[in-house]
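So you can see what is in the structure, the chains are spelled out below.
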Amino acid sequence: MNMIVTPASPATPNGTTRPQVRIVIVGHVDHGKSTLVGRLLHETGSLPDGKLEMLKAVSARRGMPFEWSFLLDALQTERDQGITIDTTQIRFRTNSRDIVLIDAPGHAEFLRNMITGASQADGAVLIIDALEGVRDQTRRHGYLLHLLGVKQVAVVVNKMDRVDFSADRFKAISDEISAHLNGLGVTPTAIIPISARDGDGVAEHTDRIGWYKGPTVVEALDALEPARPLEALPLRLPVQAIYKFDDRRIVAGRIESGSLIAGDEIVIMPAGKIARIKTVESWPLTPVAGRQGAGRSVGITLDRELFIERGDIVAHASSAPRETRRLRARIFWLHEKPLAKGDQLLVRCGPKESRATVVAIEKAVDPGELSSVENKAIGRNHVGEIDISLSSPIATDPYTENPRTGRLVIEVSGRIAGGGLVLSVEAGQRAVPVDIVPVESALRPDERSARYRHNGAVVWLTGLPASGKSTLAKALERRLFTNGGSPILLDGDTLRAGLNSDLGFSAADRSENIRRLAEVATHLARNGHIAIVAAVSPAREDRATARRIADTAFREIHVATPAGICEERDPKGHYKKARAGTLQSFTGILNDYEAPQAAELVIDTSTRTVAEAADEIEQMLKTSGVLFDEVVDLAANI
Amino acid sequence: MDHLDQLEAQSIYIFREAFARLKKIALLWSLGKDSNVMIWLARKAFFGRLPFPALHVDTGKKFPEMYRFRDHYGKEWELDLRVEPCPPIDAVDPTLPPAARSAARKTEGLKMALAKYGFDGLIAGIRRDEEATRAKERVFSPRGLEGNWDVRDQPPEFWDHFNASPPQGAHLRIHPILHWTEADIWAYTKRENIPIIPLYLSQNGKRYRSLGDQDITNPVNSTASNIDEILAELEQTKVPERAGRALDHETEDAFERLRVAGYL
């Protein structure tokens, strides 16, 4: 923007740099993003001379009260319609760092612009109107931040002046958004009540929010971490081009992760050809000595002539990426035409381009309305999981192993139409669903939810043996049923007696046990029931799998009764047997229980009655959108 | 990697993507500080060469120092330099305010050059921090058949994946230094020892922060007579970079109208 902003750059004359953090501001339209940004610039002394006067004049000309958002909504169209259309970027300084603020529009139809902005961010500010509360678009943005890998999210509850700075109202919104973000595996770094228009809570605490003791917005921004270094990961150098301008044959590309140095033995994937790096070329001085790390755009020459193409990946032989023709990805879809099974696409993984076919749509959901799950196609602005087969092999990593190479975009008619994360490669080892045609229910989810007054959900109770899971599960089942709902209890031990009777207690069998529980529970949830799972499920990774399967329907409850009390209770005599050495692989004695880090709810049954605990669960299900407060008018949905 | 290294690596990545994915590209050389840095970065990307033409769309109204600079470094850097003229002022939309109308000659000259050579990509040295509408740009920005920019319908662009398939007859603007700031440009110019036009340095208490046509560009008050002093000045100033550009100040949306029509 032309009002840039003192001081303008991290590159100071003496060459030192300050940490730079890129932050995207997202939220529902009209919840006050642009106003907050305008206020932040003002409070940090970053507005150029004359800008304030210009804004006053622009506002006056339109016969409106002073409007901070005009600062950002530079485009005439935006001013006329009063909305932000596209992303914009502004810089300012806090005490400890340089901040690049990316302002992203809130309108659903401009979701592509929000994603364009958020994909470049190290952290995010999610803004919520105190009066309106959490909206579809708030939830959608939360989900997309999670999908884009933005883990640091500070939540700002704006327009507190409209709710008389009510601490109760603030707490209700905090609880709701925390439950939603926790459900996605994102822990908010702060939740801050503010009035952006008047400045409360932006750079300073004011008396009007005297009850709030947490950080201001500026302090919260100060606490966000710069991007994580990628050098520690294995080497990935996707090849952009091969240049032969003179007698050198230079392989050019950017090091996405890891590092390299002349002399390294490397492998070209997916072909698997081996060579050694002869030189690292540069200009004006060449060759360059020393190790080159992630982020550098380099050119290397090799000790032998190999056929290399754009899109190949240079790696070290011992830590090469996997070669595959099949992969599963979690994607967001931006194109008007829904993405369906059988669609032909162009997929880009870095510079690699490949034709692809959608083999299966495993899941499709509108992240704004957590309830509606369909499986046939992924609509515009919805997310889903797909299996794709590629016309030529590519080298890639699951995003959990490498965030840079484990992501892809999808092109339709030469234009980016979606993108997402590689969940796993070689998805094709599972049954290829060519002859399997899933039969759909005769009922729509909303028909059931109108009758039951709740959405489908998987309520997953995890905790040590004898922590009280089954007791709580049964109390909850009774409670929901009495209220007209459709709860179904899936007890770990009960299912082991039948469906899972072929499984033992090895780590692999335990994982499979959890996977099956999650599949059955998810099937019930998709059909509108509340599946209550009571299972020790000690491994964090297995529960993460269950969450992935059930997706937005998943609510985790950690029954966190202290181990001593569990052993004292010992209703099934398991602890006694384990102590005596006659029960092998018993979770509880050997301390192999991995407690959840971000459960939707934590309950200690040693300090709660069963009824109190059931109250808490019911409340959580209400605030996280599973239980309806009022009777739903079915006609309204038609 | 320090901050300038990161900026440099990102720009090189963009240059290489443009060269790999488009058939016929050219770099727009306006002779100013930004496009000089841009040429330098391109030579880094391609190991000393510029493997495509440098296009100077010439209004004929630049400063003599700028023409001298062009003729000297065009040769020294071994550029494939194409100088293309602009149409006279009468050929330009008369409803535009005077300075904007004068600047719009460049848009028309650009269209003529595009038609003449059939480029499908034009590399331009605009930066997000220069001006509010530029802040909204994509790195690979599709232009319509008339060279126009549809700001309401820009394609998504994320994780350094760019849209690079313009429709037949249309072209893309590629912006390899979109993420740089004015201070970055100067710090990098100093670090890499890139030549500059002396008009940027203070003489008699004034210097140019942004160079355009003589008739619509004015110097700002400044005592900065070398790059270190420019950087120190940028740390302090609250005067916008384009304060000396007359066309930005004529009406609220003068610049936006130009940009939508295809101006840089």
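The structure displayed is predicted, hence computed values, not measured ones. (Residues numbered from 1 in each chain as written. Chains lettered and ligands numbered in written order. Predicted model: local features only at pLDDT ≥ 70, side-chain atom pairs only at ≥ 80, totals over all residues. Heavy atoms only, no water.)

Scanning chain B from terminus to terminus reveals seven helices and eight strands. Across the 264 residues in chain B, those meeting the buried criterion constitute 66%. Excluding contacts between residues fewer than 6 apart, the proportion of contacts in chain B whose partners are at least 24 apart in sequence is 73%. A total accessible area of about 9200 Å² is found for chain B, and carbon and sulfur atoms account for 49% of it. (Helix = DSSP H or I, 4+ residues; strand = E, 2+ residues; numbered from the N terminus. Buried < 20%, exposed > 50% of the residue type's maximum accessible area, 1.4 Å probe, protein only. Contact = heavy atoms within 4.5 Å. Areas by Shrake-Rupley, 256 points an atom, 1.4 Å probe, with all protein chains shown as cover.)

Turning our attention to the overall build of chain A. Of the regular secondary structure elements, chain A holds 15 helices and 28 strands. Among the 638 residues that make up chain A, the fraction classed as buried is 56%. Sequence-distant contacts in chain A: of pairs separated by 6 or more residues, those separated by 24 or more amount to 73%. Per element, the accessible surface of chain A, about 26000 Å² overall, is 51% carbon and sulfur.

Residues and elements named next belong to chain A. Mapped onto this numbering, the UniProt entry annotates "binding site: ATP" (unreviewed entry) at Gly-463, Leu-464, Pro-465, Ala-466, Ser-467, Gly-468, Lys-469 and Ser-470. Topologically, Leu-464 is positioned in the loop between strand E24 (457-463) and helix H9 (469-482). By secondary structure assignment, the location of Lys-469 is in helix H9. Excluding its chain neighbours within four sequence positions, the residues that come into contact with Lys-469 are Leu-461, Thr-462, Gly-463, Leu-464, Ala-534, Ala-535, Val-536 and Val-559. For Lys-469, the side chain forms a polar contact with the main-chain oxygen of Gly-463, separated by 3.1 Å. (UniProt positions renumbered as here; feature names shortened; annotations may be inferred. Polar contact = N/O pair within 3.5 Å; in protein donor to acceptor, adjacent residues only side chain to side chain.)

Residue and element names in this part refer to chain A. By the element assignment, Leu-126 lies in strand E4 (residues 123-129). Leu-126 gets classed as buried once you look at its relative accessible area, which sits at 0%. Sequence separation of Leu-126 and Ile-177 is 51 residues, and the distance between their C-alpha atoms is 9.8 Å. In this view, Leu-126 contacts Val-26, Gly-27, Thr-138, His-141, Val-153, Ala-154, Val-155, Val-156 and Ile-177; residues no more than four positions away in its chain are not counted.

Let's shift gears to the sheet that holds strand E2 (residues 54-58) of chain B. Residues and elements named next belong to chain B. Pairing is mixed across the open sheet formed by six strands, whose spatial order is E3-E2-E1-E4-E6-E5. Of all the strands in the sheet, just strand E3 (81-85) and strand E5 (140-143) have a single pairing partner and so form its edges. For this sheet the average axis-to-axis angle between neighbouring strands, irrespective of direction, equals 30°. Bridge analysis of strand E4 (residues 121-123) against strand E6 (residues 171-174) gives three bridges, and the strand direction is parallel. Bridge assignment links Leu-122 to a residue of E6, and that residue is Arg-173. The sheet contacts of helix H4 (residues 98-117) involve strand E1 (25-28), E2, E3, E4 and E6, and relative to E3 the element is tilted by about 125°. (Pairing = 2+ DSSP bridges. Axes fitted to C-alpha atoms, helices over the stretch in contact; angles between N-to-C directions.)

A few words now on the pattern of salt bridges. Following the criterion strictly, the structure yields 57 salt bridges over all chains and no others. We note a salt bridge from Asp-129 of chain A to Lys-159 of chain A, for which the minimum N-O separation is 3.2 Å. Within this pair, whereas Asp-129 of chain A is found in strand E4, its partner Lys-159 of chain A is found in the loop between strand E5 (152-158) and helix H6 (167-183), the two being separated by 30 residues in sequence. Lys-159 of chain A carries the same exposure label as Asp-129 of chain A, and that label is buried. We note a salt bridge from Glu-182 of chain B to Arg-209 of chain B, for which the minimum N-O separation is 2.7 Å. (Salt bridge = Lys/Arg side-chain N within 4 Å of Asp/Glu carboxyl O.)

Further remarks concern unusual backbone geometry. Negative phi values dominate among residues other than glycine, just as trans dominates among peptide bonds. All names here are of chain A. A cis amide bond, omega 10°, links Met-269 with the succeeding residue Pro-270. Inspection of the secondary structure puts Pro-270 in the loop between strand E10 (265-269) and strand E11 (273-281). At the junction of Trp-283 and Pro-284, the peptide bond is cis and its omega measures out at 5° in the coordinates. Topologically, Pro-284 is positioned in the loop between E11 and strand E12 (292-293). Positive phi is not limited to glycine here, since Lys-159 has a value of about 60°. Here Lys-159 falls in the buried class, since its relative accessible area comes to 17%. You will see that Arg-453, though not glycine, has its phi angle at about 60°, which is positive. The exposure class of Arg-453 is partly exposed, given its relative accessible area of 33%.

Our next topic: the UniProt feature "active site" (unreviewed entry) in chain A. Residue and element names in this part refer to chain A. The UniProt entry lists Ser-537 under the feature "active site" (unreviewed entry), expressed in the numbering used here. You can see Ser-537 is positioned in the loop between strand E26 (530-534) and helix H12 (540-550). Since its relative accessible area comes to 3%, Ser-537 is described here as buried. The residues touching Ser-537, leaving out its near neighbours within four places in the chain, are Trp-460, Thr-462, Ile-514, Arg-543 and Tyr-593.

What follows concerns the side chain of His-529 of chain A. Residue and element names in this part refer to chain A. Mapped onto the fold, His-529 is located in the loop between helix H11 (507-526) and E26. Taking relative accessible area as the criterion, His-529 reaches 13% and is therefore assigned buried. Each residue touching His-529, except ones within four places of it in the same chain, is listed here: Arg-448, Tyr-452, His-454, Gly-456, Ala-457, Ser-486, Ile-488 and Leu-524.

Residues and elements named next belong to chain A. Relative to the elements of secondary structure, Val-412 occurs in strand E22 (residues 407-412). Given a relative accessible area of 22%, Val-412 falls into the partly exposed group. C-alpha of Val-412 to C-alpha of Val-347: the two residues are 65 residues apart in sequence and 9.1 Å apart in space. Setting aside chain neighbours within four positions, we find Val-412 in contact with Trp-333, His-335 and Ala-417.

Attention now goes to the confidence of the model for chain A. Residues and elements named next belong to chain A. On average, residues of chain A score 83 in pLDDT, and 87% of them reach the 70 mark or higher. For residues 1-16, every residue scores under 50 in pLDDT, and the model assigns this stretch 64 contacts once sequence neighbours within four places are set aside. In this model, residues 75-85 is a region of pLDDT below 50 whose contacts with residues beyond four sequence positions or in other chains number 42 contacts. (pLDDT = per-residue confidence, 0-100.)

A few words now on the packing of aromatic side chains. On inspection of all chains with the given rule, the structure shows 26 aromatic pairs over all chains. Ring plane angle 90° and centroid distance 6.4 Å describe the contact between Phe-245 of chain A and Phe-46 of chain B, whose orientation is recorded as edge-to-face. Residue Phe-245 of chain A is found in the loop between strand E7 (237-243) and strand E8 (250-254), and its partner Phe-46 of chain B is found in the loop between helix H2 (33-45) and E2; the two belong to separate chains. The exposure class of Phe-46 of chain B is buried, given its relative accessible area of 0%. On the numbers, 5.3 Å between centres and 80° between planes, the contact of Trp-186 of chain B with Tyr-200 of chain B is edge-to-face. Of this pair, Trp-186 of chain B sits in helix H5 (residues 182-192) while Tyr-200 of chain B sits in the loop between H5 and strand E7 (206-207), placing them 14 residues apart in sequence. Tyr-200 of chain B gets classed as buried once you look at its relative accessible area, which sits at 1%. (Phe/Tyr/Trp six-rings, centres within 6.5 Å; stacked < 30°, edge-to-face > 60°.)

Turning next to helix H5 (residues 136-148) of chain A. Residue and element names in this part refer to chain A. With 13 residues, H5 extends 18 Å from end C-alpha to end C-alpha; this agrees with the ideal 18 Å at 1.5 Å per step. Of all the 13 residues making up H5, 12 are buried; the element is thus mostly covered by neighbouring parts of the structure. Along H5, the residues classified as buried are Gln-137, Thr-138, Arg-139, Arg-140, His-141, Gly-142, Tyr-143, Leu-144, Leu-145, His-146, Leu-147 and Leu-148. Where H5 ends, the next residue or the one after it, Gly-149, has phi of about 85°, a positive value. (Expected span 1.5 Å × (residues − 1).)

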